[in-house]
There are 4 protein chains.
Amino acid sequence: MTGHGQAWPLTLADYAELARARLGPAVWDFVEGGAGAERTLAANVAAFEHVRLRPRVLTGLGLPHTKTEILGRVWDAPIGIAPMAYHTLAHPEGEVATARAGAPLVVSTFAGRTFEDIAAAASAPLWLQVYCFRDRTTTRRLVERAEAAGFEALVLTADAPRLGRRVRDLRNGFLLPSGVAPANLTGTGFSSPGGHAAAEFDAALDWSVVAWLRSISSLPVLVKGVLTASDAVLAREAGAGGVVVSNHGGRQLDRAPATFDVLPEIAAALGGGCAVLLDGGVRRGADVLACLALGADAVLLGRPVLHGLAAGGSDGVAGVLGIVTDELTEAMLLTGVPAPRDAGPALLTTASPAAAP
Amino acid sequence: MTGHGQAWPLTLADYAELARARLGPAVWDFVEGGAGAERTLAANVAAFEHVRLRPRVLTGLGLPHTKTEILGRVWDAPIGIAPMAYHTLAHPEGEVATARAGAPLVVSTFAGRTFEDIAAAASAPLWLQVYCFRDRTTTRRLVERAEAAGFEALVLTADAPRLGRRVRDLRNGFLLPSGVAPANLTGTGFSSPGGHAAAEFDAALDWSVVAWLRSISSLPVLVKGVLTASDAVLAREAGAGGVVVSNHGGRQLDRAPATFDVLPEIAAALGGGCAVLLDGGVRRGADVLACLALGADAVLLGRPVLHGLAAGGSDGVAGVLGIVTDELTEAMLLTGVPAPRDAGPALLTTASPAAAP
Amino acid sequence: MTGHGQAWPLTLADYAELARARLGPAVWDFVEGGAGAERTLAANVAAFEHVRLRPRVLTGLGLPHTKTEILGRVWDAPIGIAPMAYHTLAHPEGEVATARAGAPLVVSTFAGRTFEDIAAAASAPLWLQVYCFRDRTTTRRLVERAEAAGFEALVLTADAPRLGRRVRDLRNGFLLPSGVAPANLTGTGFSSPGGHAAAEFDAALDWSVVAWLRSISSLPVLVKGVLTASDAVLAREAGAGGVVVSNHGGRQLDRAPATFDVLPEIAAALGGGCAVLLDGGVRRGADVLACLALGADAVLLGRPVLHGLAAGGSDGVAGVLGIVTDELTEAMLLTGVPAPRDAGPALLTTASPAAAP
Amino acid sequence: MTGHGQAWPLTLADYAELARARLGPAVWDFVEGGAGAERTLAANVAAFEHVRLRPRVLTGLGLPHTKTEILGRVWDAPIGIAPMAYHTLAHPEGEVATARAGAPLVVSTFAGRTFEDIAAAASAPLWLQVYCFRDRTTTRRLVERAEAAGFEALVLTADAPRLGRRVRDLRNGFLLPSGVAPANLTGTGFSSPGGHAAAEFDAALDWSVVAWLRSISSLPVLVKGVLTASDAVLAREAGAGGVVVSNHGGRQLDRAPATFDVLPEIAAALGGGCAVLLDGGVRRGADVLACLALGADAVLLGRPVLHGLAAGGSDGVAGVLGIVTDELTEAMLLTGVPAPRDAGPALLTTASPAAAP
């Protein structure tokens, strides 16, 4: 009567389930966990639940395209990969497998594979996520090495003057598994991410760091962790070419607002003069379209990419990105949006209170 | 002391329970499922939960009547049957049994029984639901055949340039059971509804299709899938005689708004010059009255009709419709509404937040 | 270390638990149930959950008093007993035991004990709840008999042109247990409350019935079932001395608003020229105070009184009333309200959304 | 691969779990319970769930400090210990152990240890919580004894003209365990806290009691239990040096608003001329910062301190306070607040409805 379902994994939740089965519990907690009571972690996802998109009919559009220009480069879709430490926790190939999936990738300072190896596998833009250490020389060397490897932008993590209190990791006494280490840093003490951060992160960084980064590199600088209009304006004034609306995946200040909730005020403050990206809670193509509608140029996917990587290496990453991109295409088709830049706030309406889960 | 309850099934939920027991799991999923995470599917029902109707007392009305005129024909109640493919999935008699129950029926392009057989069993108006295929000849033949069989209107499905991503069906690898096939179409490839749609549906339809339908038929055309005031106005301007406020039962764009939530803006935009019907989430007579109060001329019931059909054939359909119609009569009596056209927005008040489930 | 708890039952929930254990399931369902999906039944209770009362300190009041004047009579507390059929379902002594507990009591047309027996046991005002039957002679005889027995007011049930669809009773095929019958009516057919109502209730009653009641009796008439300002005004214009804001305990129109939610509009429309009572969902002294604050002169308790009666006869009723009255006194003391008439809307504030359960 | 978690207890919930295991069920209920249906108890905690703090980045602040001045004394952090009876219920050392943890402490009239012993152990300010008994001589002696022992302020409990109806204690028939008694009162009848209160508390206290307290002592007086702007103004006019926004931990009027919800109106009414403290529901450093942002000078922690005391004596108390203070420091760092006095309402934003749990 009916056939057998063979297309599994079909959803991002399927990939998460596969990943959870493959990763040890402490690694899973390190990847999934947030700070404090994980309210902001949950809020990021929940913020999208009230989104309602207004479908349009008989638009005559045919198939929309998802290409979009970010800092002068065309992305296949407005969907990149958020910076996350140690993809080697999820798969032995680590960031090399991730990059091979073909999406724009923000490589972490704590990448488990070398910038050069990653660059060799990549076909889409690579950006470097920068933690600005107390020891600026270390930071400078990282930037120079990434730029030399062909990376195209710097993404300064601005929201971590110290690491947030991540209870799961404290409870697990989490240490990196042997064999997982930063491939682009020298030194020791990395096995305890929280301990390393307490020792090396600079709690007193200010906006002058943007100028400093621009002085040591020709790459554009984006500031990641911006959650207020005020800071968005300060970022632009400091010389940033873009901001990433982010609460560090709910891993820094528990009770920070969901990123989607603050996107409008930031987009309005910048007025288009600066690239606006967002990460946190994006799980569906409709989420992506909602972000575009409220002023984001693109979004970055985080944990789901590691789920795909754990579940199936490079193919798993491509599978995750493919689902979200296909959903985005469908949502654009059904709302009459021919291209990402055509999305605007009129796409959105409010769910009735009862309609949200 | 007390008698034995023998009047089961008593509620639409009873019918759904019976249907679930009789249909195979994959067929059940095909009938019940929605697109994506099924948020819109749930929202359709949930949107009615906040409705509160204002009872009136001592009105002197006696029993109200539910007759209402739609496109020049009098319906016994403002309740018809929404288009759904393959009633033969629920009962061997399929649409013939459904039609025999006596309510206005929108017959699907993918009906499991011939238009002629359905017409022979029907005592209330029949309308044809039209998917406009890439191959317009197929569509024209369907329309002509339905019109010849006495169908009275065309309902153009406008919200399906491609079929939504229905995860349950993908997971089940759903194929139509043998013996279930479109009775009014020739050709092959129908066993996989999603696959057929991808091959044959026209993703680039525009509003000119309304004029084309009117050119090949003398029947009035309603546009189904309208969820915005803008599209309602475009429908009227394109020559439609009515719209069906619908999100395809939550099967197309997940995150589309609940139909009840957008009804007011559509009714206001049309201002009475066009028939307004609604489907999606109607489960109670009070839901029907709320729709009438906000400007609908009638509603269409979907899944509950298939439940009744699976549970008891034509009698089951009549049972389902009877419950809802009786509830509507009771709600009209208790709110002092003598006839459907007398319902207005003053009937409604808002639940306190705590009062909603 | 600690003593043993012996004061059980301590709360209305304790009494309900006791009652549920003593009554058969079908009787329990008849008492507890509501119409349709029981949304309005639930809403009545839920509407109070958002109430927040503003405590005041160091008021110097000492103990407040709860006496209040209703239609010229002083009640010990602004708490009476709502009309309910057949207290003999809960306890063999029925309404006689209820009356003996000492609170004002609205006796049902379908009381299980004679008006004379009830009056002999009562120390507080008795009112008669009137269903106006198609056979007006029956109604007239009831009124005359009650007035002769010393009843002091008539409470016209205006919201039941027919009985609501009570699914629990239909499912149970509920019939009155043998020995339970209306003590003040002659005739047959009472064993099926729904069937009797369908045969005898007058679906076309209008406001002239108030004048008719006044013409056959010298007692003041209150109209019960008022849920809109418009009907409150019509009631006063028709000659009513008061209204009871009621949705029939959620047993008539499912989706009627919670009584507490519509109290303000009704109190505002009447402006004090008419007694305003409320039933539905009152379970705590703080609920009573909230009703007083929004313009009610008194409330009527329904199901909890039957729970007390089932749990412990007259003492159980007194126990239930005692808990609520004591809670009311405490709430008045802690909010600085010396007497019921001093309660006003400034007592209330809104719960934050998160604070409601 | 990963280490073993050894830092347990890590959170206040961990401490509560430990405490629950060590205390008998009736003592646990006495500590944890609230009045009535415990709505206000729950509301206190829930009110903070909607708080969202606006993070700021690259502020250049470095580590913030938490020192704050309250009534002329510098506290290490804006976090003191709320008055609670009988710390000896939680640990044999009682208030002496609590005081030794080093935070400002409001000692209850019903302390289980003498004021002198407590003072000998304390390194931070001690305040006396005053119940003003009918027998003023008793109260005067308490005040004089506390002042002589070096206590620095009086905190008048103004919200208990009688004790709220605490159902758990009534159900348990709660009596103090042997060995637990007020160390600073003579007399009998203390074993039943509710019974004692009914006998000795003065239900008719008015604002003149503030002047009386000032006449018998040179210490500043704070009024605890203020929940309205009106009473805050009256407190100041009566000569109070501060108010504690409190609903007695949800133990008095069930349906009183959450303290956090009424803080803004009270802070606005006082305009800075009076110390404003708050207790009720504070469980996280972010809660503390939110209170500071809305005008509190400091908060008082209640039940969590007893949890810490039960779990680990003085070290447990210090552990609890340390977690909250560390979280506060982190929240200040991540929101760019260099010192408590710099917190203002701009720190706060609203959670989207879906984002709250």
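In the block above lies the structure referred to throughout.
Here the structure is a predicted model, which is why all the values come from computation and not from measurement.

Parameters at a glance
- Residues numbered from 1 in each chain as written.
- Chains lettered and ligands numbered in written order.
- Predicted model: local features only at pLDDT ≥ 70, side-chain atom pairs only at ≥ 80, totals over all residues.
- Heavy atoms only, no water.
- Helix = DSSP H or I, 4+ residues; strand = E, 2+ residues; numbered from the N terminus.
- Rg over C-alpha atoms; globule rule 2.2 N^0.38 Å.
- Buried < 20%, exposed > 50% of the residue type's maximum accessible area, 1.4 Å probe, protein only.
- Contact = heavy atoms within 4.5 Å.
- Buried area = accessible area lost by both parts, 1.4 Å probe.
- Polar contact = N/O pair within 3.5 Å; in protein donor to acceptor, adjacent residues only side chain to side chain.
- Nonpolar A, V, L, I, M, F, W, Y, C, P; charged D, E, K, R; others polar.
- Least-squares fit on C-alpha atoms with pLDDT ≥ 70 in both.
- Phe/Tyr/Trp six-rings, centres within 6.5 Å; stacked < 30°, edge-to-face > 60°.
- Disulfide = S-S within 2.5 Å.
- Pairing = 2+ DSSP bridges.
- Right-handed = clockwise from strand over helix to strand, strands pointing away.
- Salt bridge = Lys/Arg side-chain N within 4 Å of Asp/Glu carboxyl O.
- Expected span 1.5 Å × (residues − 1).
- Bend = angle between axes of the 7 residues up to and from the residue.
- Axes fitted to C-alpha atoms, helices over the stretch in contact; angles between N-to-C directions.
- Parallel < 35°, antiparallel > 145°, perpendicular 65-115°, else oblique.
- Left-handed = near helix turned anticlockwise from the far one by under 90°.

J.: Residue-level account of the overall build of chain A, with values.
T.: Along the backbone of chain A there are 13 helices and 12 strands. Relative to the 2.2 N^0.38 estimate, which gives 21 Å for 357 residues, the radius of gyration of chain A is 19 Å and therefore close to what a compact globule would have. Along the three orthogonal principal directions, the C-alpha set of chain A runs to about 60 × 55 × 40 Å. Relative to its 357 residues, chain A shows a buried fraction of 65%.

J.: How would you summarise the interface of chain C and chain D if you had to cite specific residues and measurements?
T.: Every contact between the two is made by 39 residues of chain C and, on the other side, 47 residues of chain D. Carbon and sulfur atoms supply 58% of the area that chain C and chain D bury against each other, a total of about 3,600 Å² over both sides. Taken together, chain C and chain D are joined by 13 residue pairs in polar contact (both at pLDDT 80 or more). Of the residues forming the side of chain C that touches chain D, the biggest block, 8 residues, is contributed by helix H13 (residues 303-335) of chain C. Partitioned by chemical class, the residues of the side of chain C that touches chain D number 18 nonpolar, 11 polar and 10 charged.

J.: Go over the relation of the copies chain A and chain B, please, and point to the residues and values.
T.: Relative to chain B, chain A is turned by 90° and slid 0.0 Å along the rotation axis, the superposed coordinates differing by an RMSD of 0.0 Å. When the rotation and shift are considered jointly, the pair of chain copies conforms to a four-fold rotation axis.

J.: Tell me what's going on with the packing of aromatic side chains, and back it up with residues and numbers.
T.: Residue and element names in this part refer to chain A. Counted under the stated rule, the structure contains 40 aromatic pairs over all chains. Ring plane angle 65° and centroid distance 6.3 Å describe the contact between Phe110 and Phe190, whose orientation is recorded as edge-to-face. With Phe110 in the loop between strand E5 (105-107) and helix H5 (115-121) and Phe190 in the loop between helix H7 (167-172) and helix H8 (193-200), the pair connects residues that are 80 residues apart, well separated along the chain. Look at Phe110 and you get buried, because its relative accessible area is 7%. Overall, Phe190 belongs to the buried group, its relative accessible area being 11%.

J.: Run through the state of the cysteines, naming residues and quoting values.
T.: Residues and elements named next belong to chain A. On inspection of all chains with the given rule, the structure shows 0 disulfides over all chains. Cys132 takes part in no disulfide bond, and the closest cysteine sulfur, belonging to Cys274, lies 19 Å away. Cysteine Cys274 remains unbridged, with the sulfur of Cys291 as its closest cysteine sulfur at 17 Å. For Cys274, a relative accessible area of 5% corresponds to the buried category.

J.: Residue-level account of the pairing of strand E10 (residues 275-279) of chain C, with values.
T.: Residue and element names in this part refer to chain C. Judged by how many residues are buried, E10 sits mostly within the fold: 5 of 5 residues are covered. As paired strands, strand E9 (residues 242-245) and E10 are joined by 4 bridges and run parallel to one another. Bridged to Val244 within E10 is Leu277. The parallel pair E9 and E10, bridged by helix H11 (residues 259-270), forms a crossover whose chirality is right-handed. Relative to strand E11 (residues 298-301), E10 runs parallel, the two sharing 3 bridges. Across the sheet, Asp279 pairs through a bridge with Leu300, a residue of E11. On the question of chirality, the crossover connecting E10 to the parallel E11 by way of helix H12 (residues 285-293) is right-handed.

J.: Which residues make up the interface of chain A and chain B, and what are the values?
T.: Between chain A and chain B, the contact holds 38 residues from the first and 47 residues from the second. Summed over both partners, the interface of chain A with chain B buries about 3,600 Å², with 58% contributed by carbon and sulfur atoms. For chain A, the biggest contributors to the area lost against chain B are Leu10(A), Val57(A) and Leu58(A); these three give 20% of the whole. For the interface between chain A and chain B, the tally reads 7 salt bridges. In this assembly, chain A and chain B are joined by 12 residue pairs in polar contact (both at pLDDT 80 or more). If you tally residues by element for the side of chain A that touches chain B, the top one is helix H13 (residues 303-335) of chain A, at 8 residues.

J.: Would you mind going over H13(C) in detail, with residue names and values included?
T.: All names here are of chain C. For H13, which comprises 33 residues, the first-to-last C-alpha distance of 28 Å sits more than 12% below the rise-based estimate of 48 Å (1.5 Å per residue). The sharpest bend along H13 reaches about 140° and sits at Gly312. Most of H13 sits out of view: 27 of its 33 residues are buried. Where H13 ends, the next residue or the one after it, Gly336, has phi of about 75°, a positive value.

J.: Describe the pattern of salt bridges, listing the residues and the values that go with them.
T.: All chains considered together, the criterion is met by 74 salt bridges over all chains. Among the ionic pairs, Glu265(A) bridges to Arg54(D), the shortest N-O distance being 2.6 Å. With one member in each of two chains, Glu265(A) in helix H11 (residues 259-270) and Arg54(D) in the loop between strand E1 (51-53) and strand E2 (68-70) form a pair that bridges those chains. Here Glu265(A) falls in the partly exposed class, since its relative accessible area comes to 27%. When its relative accessible area of 18% is taken as the criterion, Arg54(D) is described as buried. Between Asp254(D) and Arg39(D) there is a salt bridge; the shortest N-O distance is 3.2 Å. Highlighted residues: Asp254(D) in the loop between strand E9 (242-245) and helix H11 (259-270) and Arg39(D) in helix H3 (residues 39-46), separated in sequence by 215 residues.

J.: I'd love a proper account of the packing of H12(C) against H13(C), names of residues and values included.
T.: When two helices pack together, their arrangement is given by the angle between their axes and by how far apart the axes lie. Residues and elements named next belong to chain C. Relative to each other, H12 and H13 sit at 60°, their axes nearing to 7 Å. Classed by the angle they form, the pair H12 and H13 counts as oblique. In terms of crossing hand, the pair formed by H12 and H13 is right-handed. Residues Gly285, Ala286, Val288 and Leu289 of H12 pack against Val324, Glu327, Leu328, Ala331, Met332 and Thr335 of H13. The residue inventory of the contact of H12 with H13, partitioned by class, reads 7 nonpolar, 2 polar and 1 charged.

J.: Hey, could you go over the pairing of strand E8 (residues 221-226) of chain A for me, with residue numbers and the actual values?
T.: Residue and element names in this part refer to chain A. Burial of E8 is extensive: 6 of the 6 residues sit out of reach of the surface. Bridge count between strand E7 (residues 153-157) and E8: 4 bridges; the pairing is parallel. Opposite Leu154, over in E8, you have Val221 as the bridge partner. Here E8 runs beside strand E9 (residues 242-245); their pairing, made up of 4 bridges, is parallel. Looking across to E9, one finds that Lys224 is bridged to Val244. In this view, the connection linking E8 to its parallel neighbour E9 by way of helix H10 (residues 229-237) has right-handed handedness.

J.: I'd like a description of H12(C), backed by residues and values.
T.: For an α-helix, 3.6 residues make a turn, and residues three or four places apart therefore share a direction. Among the 9 residues of H12(C), 9 are classified as buried, and the element is accordingly described as predominantly covered. Buried within H12(C) we find Gly285(C), Ala286(C), Asp287(C), Val288(C), Leu289(C), Ala290(C), Cys291(C), Leu292(C) and Ala293(C).

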